[in-house]
Amino acid sequence: MSATLLDGKAFAATLRSKVSEHVSGLKETHGITPGLAVVLVGEDPASEVYVRNKARQTVETGMQSFEHRLPAETSEADLLALIDQLNNDPAVHGILVQLPLPGHMNADLVINAIEPAKDVDGFHISNVGLLGTGQKAMVPCTPLGCLMLLRDHLGSLSGLNAVVVGRSNIVGKPMAQLLLGDSCTVTIAHSRTKGIEALCRSADILVAAVGRPEMIKGDWIKSGATVIDVGINRIDAPEKGLREDGTVKTRLVGDVDFDSAVQIAAAITPVPGGVGPMTIACLLANTVTACCRANGLPEPQGLTA
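Just so it is clear, the model here is predicted, and its values are computed rather than measured.

Undergrad: Before we move on, can you summarise the overall build of the chain with the specific residues and values?
TA: Of the regular secondary structure elements, the chain holds ten helices and eleven strands. Taking all 305 residues of the chain together, the buried fraction comes to 47%. Residue pairs in contact within the chain that sit at least 24 positions apart in sequence constitute 66% of those at least 6 positions apart. For the chain, the exposed surface amounts to about 13800 Å²; the carbon and sulfur share of it is 51%. Computing the positive centroid from 25 side-chain charges and the negative centroid from 32, the chain places the two 5 Å apart.

Undergrad: Explain the sheet that holds strand 11 (residues 267–268) to me, using residue names and the numbers behind them.
TA: In space, the six strands of this open sheet follow the order 1-11-8-7-5-6, with parallel pairing throughout. Two strands close off the open sheet at either side, each with one partner strand: strand 1 (4–5) and strand 6 (185–189). Looking at chain direction, strand 5 (residues 161–165) and strand 6 are connected through five bridges and run parallel. Note on strand 6: the bridge partner recorded for V164 is I188. Against the sheet, helix 7 (residues 172–181) contacts strand 5, strand 6 and strand 7 (205–208), and its axis sits at roughly 170° relative to strand 6.

Undergrad: Could you give an account of the pattern of salt bridges, naming the residues involved and the relevant values?
TA: Following the criterion strictly, the structure yields eight salt bridges and no others. Residue R151 is joined to D182 by a salt bridge in which the shortest nitrogen-to-oxygen separation is 2.8 Å. Of the two residues, R151 is situated in helix 6 (residues 141–154) and D182 in the loop between helix 7 and strand 6; the sequence distance between them amounts to 31 residues. On the basis of relative accessibility, which here comes to 28%, the residue R151 falls in the partly exposed class. Given a relative accessible area of 17%, D182 falls into the buried group. Three or more residues are tied together by salt bridges with common partners; here these are E48, E67 and R69.

Undergrad: Please give an account of the sheet that holds strand 4 (residues 94–97) that cites residues and values.
TA: Whether parallel or antiparallel, the strands of a sheet pair through hydrogen bonds between backbone atoms. Here three strands make up an open sheet; going across it, the order is 3-2-4 and the pairing parallel. Of all strands in the sheet, those bounded by a partner on one side alone are strand 3 (64–70) and strand 4. Going across the sheet, the axis of each strand differs from the next one's by a mean of 15°, ignoring polarity. Sheet topology note: the strand 2 (residues 35–41)/strand 3 ladder contains seven bridges and is parallel. Residue pairing for strand 3: V39 is matched across the bridge by H68. Strand contacts of helix 2 (residues 45–60): strand 2, strand 3 and strand 4, with the helix running at about 160° to strand 3, the strand carrying the most contacts.

Cut-offs applied
- Residues numbered from 1 in each chain as written.
- Predicted model: local features only at pLDDT ≥ 70, side-chain atom pairs only at ≥ 80, totals over all residues.
- Heavy atoms only, no water.
- Helix = DSSP H or I, 4+ residues; strand = E, 2+ residues; numbered from the N terminus.
- Buried < 20%, exposed > 50% of the residue type's maximum accessible area, 1.4 Å probe, protein only.
- Contact = heavy atoms within 4.5 Å.
- Areas by Shrake-Rupley, 256 points an atom, 1.4 Å probe, with all protein chains shown as cover.
- Lys, Arg positive; Asp, Glu negative; His and termini not counted.
- Charge placed at Lys NZ, Arg CZ, Asp CG, Glu CD.
- Pairing = 2+ DSSP bridges.
- Axes fitted to C-alpha atoms, helices over the stretch in contact; angles between N-to-C directions.
- Salt bridge = Lys/Arg side-chain N within 4 Å of Asp/Glu carboxyl O.

Structure (structure tokens):
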């Protein structure tokens, strides 16, 4: 048996198309253009690429993109002042501060300075609390993308056993809350969980978000399970040869050993091309949702949990 591949790249393209339709409707009917502000402090190469992709896709869906690039030596006070300015700008409906921040800044303080209604990353403590109590929140983008893929493939998730491997505030914990909201029976596992292999084998839905390359093997997976691999890890790939500088080439892998898992699971997300493309698409969706809420308009269907 070989698992069905859950194509996050194709799903994300469909989601961006829906976002574009909603943006067009807001412009034509209400004269409103959703706006997303992204703040980048410093010159982290991975963050640079990510921010560039966010800006490009924001414009492609018809929204306004506001980029703020600050030098690494920017003071925390100056960053907080910029966030306050964006909080009070009616043209900005979503604010995202790209992590990681330079070491002299308190990331929690910065994130919690964002107006919760504009916190399209869903990291503000108010949104965390709202999600945890089943109230209307801004939902973190990566878990939201995972939920959309699961609903699309499985339909109803009610009554299914779900195991989330990883307990981060960004993915593991909100993922568990979203699965609970869809009436799954949810267990969170982590690096210190005893009997983790057997626990994973009990899962109808297995979400891997632990940040360890190929940790979850095929024999950890229940036959017929749906596997969502959130991990993006770069490992050496000697089989690909050497670069011009003599270093070993690398390849991307997930937290799941794909080659063994694909023979057991009923469905699985590939890495790359699975969960990754969903994150920016859900960020755009969250911005439209935030815009509608800010203007007292009905929430767009299919863009949030």
